[in-house]
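# Residue-level structure breakdown
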Amino acid sequence: MSKAYKVTKRTVMFDKKNPKTVYSVSPVNYGTLTTDDVANQIAAESSATPGDVKNVLDRFAYYVKENIKKGYQIQLLGFGYLSIRFITTGTAKAEKDATAKLIQSLVPSFSPSFKVINGKRIYDLMPDKITLVKYTGSIPADSVVDTTDPGSGSDPGSGSTDSGSGSGSSSGSGSDNTDPGSSEDGGGYYE
């Protein structure tokens with residue numbers, strides 16, 4: 001399994017006379033899989049139709065929203081927890097002043113589930129091993145996803161993979177768990 005990255009360049013102004021060019025890496029997604037795409041994938045490996053799967057996913061999303069609205073945190077086995085998080089305007093100096101007025105907005109929150117092994121977080125959503133590869137503008141053959149309706153007779157691999165769309169966002173500031181590896185494209189290995 002691999003995850004692509006792209007090199008990004010930006011200029012940092014330490015002061016007006018001393019701009020510095022720096023480089024970083026950002027993750028690249030090969031596209032977005034829709035609920036229909038996932039329903040087709042699940043239906044291809046089960047006795048359910050894509051419509052049956054989509055109905056279950058739709059009801060699942062509905063009940064997640066309803067139960068979060070009622071004040072519950074939702075645990076998704078193998079994924080993590082969904083809940084509501086507060087964006088606040090600040091803090092109060094006295095307990096009596098700490099009221100709902102401090103809450104500026106409510107936002108959905110996702111906390112991935114993990115276990116700690118030898119002092120290192122192992123996230124349930126992450127595959128055991130991921131090879132980091134530099135994005136070259138095309139999707140590697142082993143990353144093409146068949147999202148066709150199993151009953152449609154369409155060609156595999158013609159799903160909505162929108163090659164070339166980078167995510168533009170990255171989380172965290174890198175990882176000391178990467179190994180530059182020996183590949184020529186600067187790829188690494190994450191475990």
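Quick summary incoming for the structure in this document. Going along each chain's sequence as written, the residues are numbered from 1 onward. It should be noted that, the model being predicted, local features are given only for residues of pLDDT at least 70 and side-chain atom pairs only at 80 or more, the latter also being counted only at that level, while totals for whole chains, interfaces and linings use all residues. Only hydrogens and water are set aside; all other atoms, that is, all heavy atoms of the structure, feed into the side-chain values.

On to the pairing of strand 7 (residues 120-123). A pair of strands is considered paired only if DSSP assigns at least 2 bridges between the two. In DSSP terms, a helix is any run of H or I states spanning at least four residues, a strand is any run of E spanning at least two, and both are numbered starting from the N terminus. The pairing of strand 6 (residues 114-117) with strand 7 spans four bridges and is classified as antiparallel. Pairing of Lys115 across the sheet is with Ile122, part of strand 7. Between strand 6 and strand 7, which pair antiparallel one after the other, the connecting turn spans two residues, and Asn118 there sits at a positive phi close to 55 degrees.

Attention shifts here to the sheet that holds strand 4 (residues 80-88). In spatial order, the strands read 3-4-5; together these three strands make up an open sheet with antiparallel pairing. Looking at strand neighbours, the two that pair on one side only are strand 3 (74-76) and strand 5 (103-112), the edges of this open sheet. Sheet twist, expressed as the average angle between the axes of neighbouring strands with direction ignored, equals 35 degrees. In this structure, strand 3 lies alongside strand 4, joined through three bridges in antiparallel fashion. Bridge assignment links Ile74 to a residue of strand 4, and that residue is Leu82. Here an axis means a line fitted to C-alpha atoms, over the contact stretch when the element is a helix, while the angle between two N-to-C directions is reported on a 0 to 180 degree scale.

Quick look at the packing of aromatic side chains now. Working definition: an aromatic ring pair is given by the centre-to-centre distance plus the angle between the planes. Geometry of aromatic contacts follows a simple scheme: Phe, Tyr and Trp rings, the Trp one being its six-membered ring, pair when their centres are within 6.5 Å, and the pair is stacked under 30 degrees between planes, edge-to-face over 60, tilted otherwise. All chains considered together, the criterion is met by three aromatic pairs. A ring pair is formed by Tyr30 and Tyr135, whose centres lie 6.2 Å apart and whose planes are at 40 degrees; its orientation type is tilted. Separated by 105 residues along the polypeptide, Tyr30 in the loop between strand 2 (19-28) and helix 1 (35-44) and Tyr135 in the loop between strand 8 (130-134) and strand 9 (188-190) bring together distant segments of the chain. Note on accessibility: Tyr30 and Tyr135 belong to one class, buried. Exposure classes here rest on a 1.4 Å probe applied to the protein chains alone. A residue is buried below 20% of its type maximum, exposed above 50%, and partly exposed in between.

Where nonpolar side chains cluster on the molecular surface, the patch consists of Val7, Tyr23 and Val25 and spans about 310 Å² of accessible area. If you trace the backbone, Tyr23 turns up in strand 2. The class of Tyr23 is exposed, set by a relative accessible area of 57%. What makes a patch is a set of residues exposed beyond 30% relative accessible area and free of salt bridges, joined within 9 Å when like-charged and within 5 Å when nonpolar (Val, Leu, Ile, Met, Phe, Trp, Tyr). Accessibility throughout is a Shrake-Rupley quantity obtained with a 1.4 Å probe, and a residue counts as covered only by protein chains that appear here. Salt bridge, as applied in this entry: a Lys or Arg side-chain nitrogen positioned within 4 Å of an Asp or Glu carboxyl oxygen.

The next subject is the environment of Gln104. Checked against the element boundaries, Gln104 lands in strand 5. Considered as a pair, Gln104 and Thr88 are 16 residues apart in the sequence and their alpha carbons are 5.0 Å apart. Throughout, a contact is declared for two residues whenever any of their heavy atoms are within 4.5 Å. When neighbours within four sequence positions are excluded, Gln104 is seen to be in contact with Ile87, Thr88 and Thr89.

For Asn40, the position within the fold is in helix 1. Residue class for Asn40 comes out buried when judged on its relative accessible area of 11%.

Moving on: the packing of helix 1 against helix 2 (residues 50-69). Packing of helix 1 against helix 2 brings their axes to within 8 Å, and their N-to-C directions diverge by 125 degrees. Accordingly, the angle class assigned to the pair helix 1 and helix 2 is oblique. Every pair of crossing elements has a handedness; the one defined by helix 1 and helix 2 is right-handed. For the pair formed by helix 1 and helix 2, the contact residues are Thr35, Asp36, Val38, Ala39, Asn40, Ile42 and Ala43 on the first element and Pro50, Val53, Lys54 and Leu57 on the second. By residue class, the composition of the contact of helix 1 with helix 2 is seven nonpolar, two polar and two charged. Roughly parallel here means an angle under 35 degrees, roughly antiparallel means over 145, roughly perpendicular means 65 to 115, and every remaining angle is called oblique. The hand of a helix crossing depends on one turn: near helix anticlockwise from the far one by less than a right angle means left-handed, and clockwise means right-handed. Here the term charged refers only to Asp, Glu, Lys and Arg, the term nonpolar to Ala, Val, Leu, Ile, Met, Phe, Trp, Tyr, Cys and Pro, and the term polar to all other amino acids, Gly among them.

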